Amino acid sequence: RRYPPLLDLVRDAFQANKVVATICHGGWVLVSAGILSGRKVTGFVSIKDDLVNAGARYIDRAVVDRKS
């Protein structure tokens, strides 16, 4: 989340409407990339507040897809 080329890669994939997925604390990368506003997400409960504060709608599930 502190490596600018990785954040650029994530932003580029998101803007190209590609699937962007993370596991566990990987949601922090999405927070730092600034791509969570208005999106449904899940992640390890300890980063829930960070995800929500970044504008995401947190869902307590193992996986969140576009249809859920």
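The structure this text deals with has already been given above.
A.B. asks: Would you explain unusual backbone geometry in this entry?
C.D. replies: Negative phi characterises most residues that are not glycine, and trans characterises most peptide bonds. In this structure, Asn17 takes a positive phi of about 60 degrees despite not being glycine. Within the chain, Cys24 stands out as a residue other than glycine whose phi angle is a positive 55 degrees. For Cys24, the location among the structural elements is in the loop between helix 1 (4–15) and helix 2 (27–33). Look at Cys24 and you get partly exposed, because its relative accessible area is 46%.

A.B. asks: Would you take a moment to explain the pattern of salt bridges for this structure?
C.D. replies: It is possible for side chains of opposite charge to pair when their charged atoms get near one another. Going through the model one piece at a time under the given rule, you end up with one salt bridge. Across the salt bridge formed by Arg11 and Asp8, the nearest N and O atoms sit 3.0 Å from each other. Here Asp8 and Arg11 lie together in helix 1, a separation of three residues that amounts to about one turn. Overall, Arg11 belongs to the partly exposed group, its relative accessible area being 26%.

About the criteria used
Residues numbered from 1 in each chain as written. Predicted model: local features only at pLDDT ≥ 70, side-chain atom pairs only at ≥ 80, totals over all residues. Heavy atoms only, no water. Helix = DSSP H or I, 4+ residues; strand = E, 2+ residues; numbered from the N terminus. Buried < 20%, exposed > 50% of the residue type's maximum accessible area, 1.4 Å probe, protein only. Salt bridge = Lys/Arg side-chain N within 4 Å of Asp/Glu carboxyl O.

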